[in-house]
Amino acid sequence: MKLYSTNNHQNIVDFQQAVFQSLPEDNGLYMPLSVEKLNQDWIKSIQNYSFQEIAKKISYELLKAEFSEKEINDLIDEVINFPAPLVFLEEDLAVLELFHGPSFAFKDFGARFMSRVMAHFSRKEDQLLDVLVATSGDTGGAVALGFLGVEGTRVTILYPKGKVSPIQELQLTANGNNIRAIEIEGTFDDCQALVKQAFLDKDLIGRLNLTSANSINIARLIPQSFYYFEAFAEAKRKGFEKISFVVPSGNFGNITAGILASILGLEVKQFVAATNANDTVPHFLETNTYSPKSSVQTLSNAMDVGSPSNWVRVMEFFEHDLHVLKKKLLSKSYSDDETLKAINEIHEKYNYIACPHTAIAWLAAKEYQATKKDKSEVTVFLSTAHPCKFPDVFPVHLRDKIIDPKEVKELKLKKSLKVEMKNNFSELKEWLIRNN
Ligand SMILES: *Cc1c(COP(=O)(O)O)cnc(C)c1O
């Protein structure tokens, strides 16, 4: 798979370079140079394939230049070892649960796949790979658990003190093994600045084989396309031939993967990107003016992004044709008040507890369904995290009803192994060298 940079279409690299570099030097994003459609007969009979078989097929078609069929099969068997169930709440409305992985958020798909891809390439180079990453919560947990025990890799996570939930903190800090967590006295932006500085430090990059596990890494996008096909397979088994997807969106990586799925040949009637008060994209689709802003804090904090990095990828996939894009993709923004009301309503209506991000997707799904008449079309909204990750959002009577997965119960018994540190680059650098 060859990739180009959105800022310079002549800047073409191979998959391995795009994975280790994450970001091109020209500050664009890497995009696949060409995507061939999957065989239409295969898609028509997709209901006959398992989730893993679907993942293998897509990976092989995209990465056959880099991986043998056996390598792909082994990789997917390790990565896709949990389901993505489609749960019907109404006759033609279903929620796609993407939170059955180790960190209970959909980011597990991207992080697990990326960890194995990186390990595959660095095994060939025979050098320990040092992943340095800053997190505000969900990404770090997925990266930590994605790389946990992966041979030839070591992960160092920086996170802001007091800014992550107790479960998120344990997911970062209780692992040991090849995962190290540093609590920084500072904000998420401070953590990110420290990581950036590390990558600019010639001395440090001479000593360590550093890479970032940046959320815009192309290796995280590919595996997120798998579950759109899986949802369609399940919908077909239920008798549906048409499908629409509603995606709770922040950095717009998840919906970009959905659009990649459609470019691979999955027929999607409608995409809806649901956002919280960070409404840069809905505002753009309404006014044709793209004005990114600073993020505002909301209850659905994993979507608090004012300048969504992946939006440029969406535009590229649509070849910057706004007319076509607006037909395929709707976008709506919802307030915290609406989110809380939705959480309650979802519980009352279906006896189902949705995390705040998922509740926003449900709102957009209901609004979309009110405009469509076709009963042969199923509307699928994506559930991006388990509600137990955000206990403070829920009113007490609902919080008590959230059933922790057994892994969370085990996690709560574990000890944090964090290293505490000031917001100071020399201290970080010295620690990284001393603990090499
Ligand atoms: C990251 C995240 C999102 C937003 O996904 P994007 O790919 O950034 O649009 C939504 N919900 C949860 C729970 C997340 O962790």
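It should be noted that the structure appears before, not after, this text.
All values derive from a computational prediction rather than experimental measurement. Counting restarts for each chain: residues are numbered from 1 in the order of the written sequence. With the structure being a predicted model, the display of local features is reserved for residues of pLDDT at least 70 and the display and counting of side-chain atom pairs for 80 or more, all residues being used for whole-chain, interface and lining totals. In computing side-chain properties, one takes all heavy atoms of the structure into account and sets aside hydrogens as well as water.

Trainee: Sorry, what's going on with the site of the ligand here?
Mentor: Taken together, 15 residues lie near the ligand, and Lys107, Asp138, Gly250, Asn251 and Thr384 sit nearest. Each polar contact in these results corresponds to two N or O atoms within 3.5 Å; when the atoms are within protein, one needs to be able to donate a hydrogen and the other to accept it, and residues that are neighboring in sequence are counted only if both atoms are side-chain atoms. At 2.9 Å, a backbone N or O of Phe252 approaches an oxygen atom of the ligand. Between the ligand and Thr384 there is a distance of 2.8 Å, counted from a nitrogen atom to a side-chain nitrogen or oxygen. Burial of the ligand by the surrounding chains reaches 96%, relative to a free accessible area of 380 Å². A molecule or strand has a residue near it when one of that residue's heavy atoms lies within 4 Å. All accessible-area figures derive from a Shrake-Rupley calculation using a 1.4 Å probe, and residue coverage is judged against the displayed protein chains alone.

Trainee: Sorry if this is basic, but what is going on with the state of the cysteines here?
Mentor: When the sulfur atoms of two cysteines share a covalent bond, that bond is a disulfide. When two cysteine sulfur atoms lie within 2.5 Å, the pair is treated as a disulfide. This model, assessed by the stated rule, comprises zero disulfides. In this structure Cys355 is not part of a disulfide, and its nearest cysteine sulfur, from Cys388, lies 10 Å away. By relative accessible area, which is 1% here, Cys355 ends up buried. For each residue, the accessible area found with a 1.4 Å probe, counting protein chains only, is set against the maximum for its type, and the residue is called buried under 20%, exposed over 50%, and partly exposed in between.

Trainee: Teacher, can you tell me more about the sheet that holds strand E13 (residues 377–383) here?
Mentor: Through backbone hydrogen bonds, the strands of a sheet pair up, either in parallel or in antiparallel fashion. Each pair of strands is called paired provided DSSP finds at least two bridges between the two strands. A run of DSSP states H or I qualifies as a helix once it reaches four residues; a run of E qualifies as a strand once it reaches two. Both are numbered from the N-terminal end. Ordered in space as E4-E5-E13-E10-E11-E12, the six strands form an open sheet in which the pairing is mixed. Every other strand in the sheet has two partners, leaving strand E4 (86–90) and strand E12 (329–333) as the edge strands with one partner each. Direction aside, neighbouring strands of the sheet carry axes that sit 25° apart on average. Where E4 and strand E5 (residues 93–97) come together, four bridges link them in antiparallel fashion. Only C-alpha atoms enter the line fits that serve as axes; for helices the fit covers just the stretch in contact. Angles between N-to-C directions range over 0 to 180 degrees.

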